[in-house]
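# Observations on the model geometry
The chain contents come next:
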Amino acid sequence: MPEITLVEAVTQALAYEMQNDPNVVVMGEDVGKDGGVFRATQGLLDKFGSQRVLDTPLAESMIGGMAVGMAIRGLKPVAEFQFMGFIYPAMDQIINHAARIRNRTRGRLTCPVVFRAPFGAGIHAPEHHSESTEALFAHIPGLRVVIPSSPRRAYGLLLAAIRDPDPVIFLEPSRLYRFAKQEVNDDGNALPLDVCFTLRTGQDVTLVTWGAMVKETLAAADKLNDEGVSAEVIDVATIKPLDIETILASVEKTGRCIIIHEAPLTGGVGADIVALVAERALFTLKAPPVRVTGFDTIVPYARMEKYYIPSEKKIMNAVHRLMEFT
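Residues numbered from 1 in each chain as written. Predicted model: local features only at pLDDT ≥ 70, side-chain atom pairs only at ≥ 80, totals over all residues. Heavy atoms only, no water.

## Here we look at the side chain of threonine 11
With respect to the helices, strands and loops of the structure, threonine 11 is situated in helix α1 (residues 6-20). There is a polar contact of 3.0 Å between the side chain of threonine 11 and the backbone oxygen of valine 7. In contact with threonine 11, other than residues within four places in its own chain, are Arg39, Ala40, Thr41, Gln42 and Leu44. (Helix = DSSP H or I, 4+ residues; strand = E, 2+ residues; numbered from the N terminus. Polar contact = N/O pair within 3.5 Å; in protein donor to acceptor, adjacent residues only side chain to side chain. Contact = heavy atoms within 4.5 Å.)

## A closer look at the packing of helix α3 (residues 60-72) against helix α4 (residues 91-98)
The interhelical angle for the contact between α3 and α4, taken along N-to-C directions, is 25°, at an axis separation of 7 Å. Comparing the axis directions of α3 and α4 gives the class roughly parallel. Two secondary-structure elements touch here, α3 through Ser61, Gly64, Gly65 and Val68 and α4 through Gln93, His97 and Ala98. (Axes fitted to C-alpha atoms, helices over the stretch in contact; angles between N-to-C directions. Parallel < 35°, antiparallel > 145°, perpendicular 65-115°, else oblique.)

## Considerations on the domain arrangement of the protein
Entries for the protein in the domain assignment read domain 1 (3-183) and domain 2 (197-323). Between domain 1 and domain 2, the contact holds 30 residues from the first and 27 residues from the second. Taken over both partners, the interface formed by domain 1 and domain 2 buries close to 2,200 Å², and the fraction arising from carbon and sulfur atoms is 60%. If you look at where domain 1 meets domain 2, you find 3 salt bridges. Note that glutamate 262 and arginine 175 form a salt bridge whose closest N and O atoms lie 3.5 Å from each other. Taken together, domain 1 and domain 2 are joined by 13 residue pairs in polar contact (both at pLDDT 80 or more). (Domains from an automatic or database assignment. Buried area = accessible area lost by both parts, 1.4 Å probe. Salt bridge = Lys/Arg side-chain N within 4 Å of Asp/Glu carboxyl O.)

## Section: the nonpolar core
One finds Ile94, Phe115, Phe137, Ile247 and Val277 to be the most contacted residues of the largest nonpolar core, which totals 50 residues. Counting only domains with at least three residues in this core, you end up with domain 1 (3-183) and domain 2 (197-323). (Core = buried A, V, L, I, M, F, W, Y, C linked by side-chain atoms within 4.5 Å. Buried < 20%, exposed > 50% of the residue type's maximum accessible area, 1.4 Å probe, protein only.)

## Looking at the side chain of glutamate 60
Within the secondary structure, glutamate 60 sits in helix α3. No salt bridge forms around the buried glutamate 60; measuring N to O, its nearest opposite-charge neighbour arginine 116 is 13 Å away. Apart from the residues lying within four places of it in its own chain, the contact partners of glutamate 60 are Glu29, Phe81, Phe86, Pro89 and Ala90. (Lys, Arg positive; Asp, Glu negative; His and termini not counted.)

## Here we look at the packing of α1 against helix α7 (residues 151-163)
Direction vectors running N to C along α1 and α7 enclose 35°, while the axes themselves pass 8 Å from each other. Note that α1 runs across α7; the crossing there is right-handed. In this structure, α1 contributes Leu6, Ala9, Val10, Gln12, Ala13, Leu14, Tyr16 and Glu17 to the contact, and α7 contributes Pro151, Ala154, Tyr155, Leu158, Leu159, Ile162 and Arg163. Of the residues that constitute the contact of α1 with α7, the class distribution is 12 nonpolar, 1 polar and 2 charged. (Left-handed = near helix turned anticlockwise from the far one by under 90°. Nonpolar A, V, L, I, M, F, W, Y, C, P; charged D, E, K, R; others polar.)

## A word on the pairing of strand β14 (residues 290-294)
In this structure, strand β13 (residues 257-264) lies alongside β14, joined through 5 bridges in parallel fashion. Each bridged residue has a counterpart across the sheet, and for proline 264 the counterpart in β14 is glycine 294. Taking the sense of rotation as the criterion, the β-α-β connection linking β13, helix α10 (residues 269-281) and β14 turns out right-handed. (Pairing = 2+ DSSP bridges. Right-handed = clockwise from strand over helix to strand, strands pointing away.)

## Digging into the pairing of strand β10 (residues 205-209)
Counting buried residues along β10, 5 of its 5 residues qualify, which places the element largely inside the surrounding structure. Residues of β10 alternate between two faces, with Val205, Leu207 and Thr209 on one and Thr206 and Val208 on the opposite face, all of them buried. Pairing geometry for β10 and strand β11 (residues 231-235), over 5 bridges, is parallel. What sits directly across from valine 205, in β11, is alanine 231. On the question of chirality, the crossover connecting β10 to the parallel β11 by way of helix α8 (residues 213-226) is right-handed. Relative to β13, β10 is paired through 4 bridges, and the arrangement is parallel. When the bridges of β13 are listed, valine 208 appears paired with isoleucine 259.

## As for the sheet that holds β14
Read from one edge to the other, the open sheet built from 5 strands follows the order β9-β11-β10-β13-β14, with strand pairing classed as mixed. Looking along the sheet, the strands with just one partner apiece sit at the ends: β9 (197-200) and β14. Along the sheet, successive strands turn relative to each other by an average axial angle of 25°, direction set aside. Bridge count between β9 and β11: 3 bridges; the pairing is antiparallel. Residue pairing across strands places arginine 200 opposite valine 233, the latter belonging to β11. Contacts from α10 reach β10, β13 and β14, with the element oriented near 160° to β13. Across the face of the sheet, helix α12 (residues 312-323) comes into contact with β10, β13 and β14 while running at roughly 150° to β13.

## Let's talk about the sheet that holds strand β6 (residues 144-146)
Spatial ordering of the open sheet is given by β3-β2-β4-β5-β7-β6-β12, a layout of 7 strands whose pairing is mixed. On the outer flanks of this sheet lie β3 (53-55) and β12 (238-240), each paired with one strand and no other. In this sheet, neighbouring strand axes are inclined to one another by 20° on average, regardless of whether the strands run parallel or antiparallel. Note that β6 and strand β7 (residues 168-173) share 3 bridges and pair parallel. Looking at β7, one finds that valine 145 is bridged to isoleucine 169. Of the strands in this sheet, β2 (24-28), β4 (76-80), β5 (114-119), β6 and β7 are in contact with α7, which crosses β7 at around 160°.

Below is the structure:
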C-alpha cells in the first residue's frame, strides 16, 4: 500500500469517484491545466477531459452559482476555491441557495455539491490565503462542514462528502498538505461523516481539536505523557453536525477539557463545545473547560505566523493549569 501526502489523497479520492460516477465534475480556478494552486487536481484533466474538469474564470460567485445549478440538475460538482479567503463572494450562493434548496423545495430537490478550499495559516502567505473561518459555515443550517487532518481521513471523508446528497464545505489544512505521508488504500471505502475520531486515549485530560492543529495537539500529548499526564486526543473532523457524544464520553472519563483551534477565539466552534460540555457534563468536570486558539486579529504575515498559531507550549501550559484542579 503506497504512502501518500494529504494533497495526494485528495487527488486520489477525486479520481476514484470520477472514475466510478460519471456525474462527478471538478471545477474551479486553474484546476485543469495547472492542476490547482496546490496541485490537488493534477492529472485529472488528462484522465477525464475538459467536460468533467472545468477551468473557470476568476469569479467565485459564478463558481458557487454554477455548482448549485449543476447539482440540482443531477450532477455532483466538486468546486474548488483557491483559498478560504476567496470563498466569501460565493457565500450568497452557498448560504442562500445550496444550503436551502432541500428545505425550499420541501425535499423535491437536493444539492449534492462539495465546496473545497485550502485553509489555515503556516504557509507564509497573506491573510486571505491563511484564514480559518470555519465557524461562519458551521452556523448555517443545511451545510455540513468537514475538515480532514491526515491523508487517510482526507481520502475517506472526501469520498463520503461527494456521495452526500446535501452540500458539504470541505476544508483542507494547507500546512498539512505535504507535511507527512501515510498509507492509503485506494479502495473507495468512505469514512463516516458526523463522527469524531479518537486519535489517542487518555485518563487525565481531553484535548479536542481539528485540522492542522491536530499536529501540535498530538505532539503536546506526547510530551505530556513523558511528564506523567495522560491526554486523550479527539479529532472532531466534522464540525457540523458535531459529534458531541464522543466528546462528552471522554470528558466524563477525564474530567478536564481543552479545545484547540487555529481560528480566532470569539465566536469560534470551540465556544459551542465549551457550552455543550458545561450544559451536559458540568458535574463530571474537575476544572473549567478552556480554549487555546488564535487571536482576535487578522492572520499576520509570515514573520508573525508562529506567534498566531497555537503552539505545543500553549497547549501544554493550558493542561498544566487544569491539572492543578483536583
